[in-house]
Every structure is written in structure tokens, then in C-alpha cells.
Amino acid sequence: MSPDQFVSNIKAEIESLVSLYAEGAEGQTAIGTKLDSLNLSPELKAEVVSLIEQAIKESTYNLIGGLEGSASLAATQEKYKITDERGNELSGELDVLFYEQVMK
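Residues numbered from 1 in each chain as written. Predicted model: local features only at pLDDT ≥ 70, side-chain atom pairs only at ≥ 80, totals over all residues. Heavy atoms only, no water.

(A) Looking closely at the overall build of the protein chain. Counting its secondary structure elements, the protein chain contains four helices and zero strands. In sequence order, the protein chain lays out its α and β elements as α-α-α-α. Expected size for 104 residues packed as a compact globule is a radius of gyration near 13 Å; at 16 Å, the protein chain overshoots this value by more than 25%. Counting across all 104 residues of the protein chain, residues that qualify as buried make up 30%. Sequence separation of at least 24 residues holds for 50% of the intrachain contacts in the protein chain that already meet a minimum separation of 6. Counting only carbon and sulfur atoms, one obtains 51% of the accessible surface of the protein chain, whose full area is about 6,700 Å². In the protein chain, 8 side chains carry a positive charge and 18 a negative one; their mean positions are 2 Å apart. (Helix = DSSP H or I, 4+ residues; strand = E, 2+ residues; numbered from the N terminus. Rg over C-alpha atoms; globule rule 2.2 N^0.38 Å. Buried < 20%, exposed > 50% of the residue type's maximum accessible area, 1.4 Å probe, protein only. Contact = heavy atoms within 4.5 Å. Areas by Shrake-Rupley, 256 points an atom, 1.4 Å probe, with all protein chains shown as cover. Lys, Arg positive; Asp, Glu negative; His and termini not counted. Charge placed at Lys NZ, Arg CZ, Asp CG, Glu CD.)

(B) How the structure looks around a nonpolar patch on the surface. Judged by side-chain polarity, Leu-63, Leu-73 and Tyr-80 come together as a nonpolar surface patch covering roughly 250 Å² of accessible area. By the element assignment, Tyr-80 lies in the loop between α3 (42-68) and α4 (94-103). Judged by relative accessible area, Tyr-80 falls into the partly exposed class, the value being 39%. (Patch = residues over 30% accessible without salt bridge, like charges linked within 9 Å, V, L, I, M, F, W, Y side chains within 5 Å. Salt bridge = Lys/Arg side-chain N within 4 Å of Asp/Glu carboxyl O.)

(C) Representation of the pattern of salt bridges in the model. One pass over the structure, following the stated rule, counts three salt bridges. Here Lys-57 and Glu-53 are joined by a salt bridge, their closest N and O atoms 3.5 Å apart. Here Lys-57 and its partner Glu-53 are both found in helix α3, four residues apart, which amounts to about one turn of the helix. A salt bridge links Asp-84 to Arg-86; its shortest N-O distance comes to 3.7 Å.

Shown next as C-alpha cells:
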């Protein structure tokens, strides 16, 4: 798997989760069920789902940056090597790719 494909897969997973959350209890997630229990207006529910999406994106970006060594994780900054099961290195540009594909 290439670094680009890895980030694309993460992006797809985020989009899938957010979609399930937006479905409420029908999405069969704890967050979606909780959102339904709050009895929010459709507009407010959409805003909350948007905030959840932003939180997922920001935390994922921070985690990737921490693994890449471009950011610290709990005040520790190190570079980690991420490889797939065939030994292909995925690290080195994941934070940049994630920013370009997801954060913009």
C-alpha cells in the first residue's frame, strides 16, 4: 500500500463514521444513538455532527503528526517507522498527505 492510499483509506473511514453518526440510532453507533436522545433540531444536529467530524480530523492529524515526528505526543517527539505487512514504508509524508486530502 502506498502512503497516498493509506491516507485515502483513513479519509474514507472518517467519512463513513461521520455518515453513521449523522444517521442517529439507525447508524448503529453509540454517538448516533446519543445524538438522537438529545432531541436536537435538524440544524443543530448537523452542526454537532460537523463539530464531531472536525474533532476526528484534528485528532487524527495530530496523531499522524506525532507518529511522523512532526509533532509531539504527550510532550514526547520521536519519529516512528510505519510499514505495511510486506515491509513497504508508509511513513515520511503521511502528515502532509493527510493535510492535503482531509484538512483543506
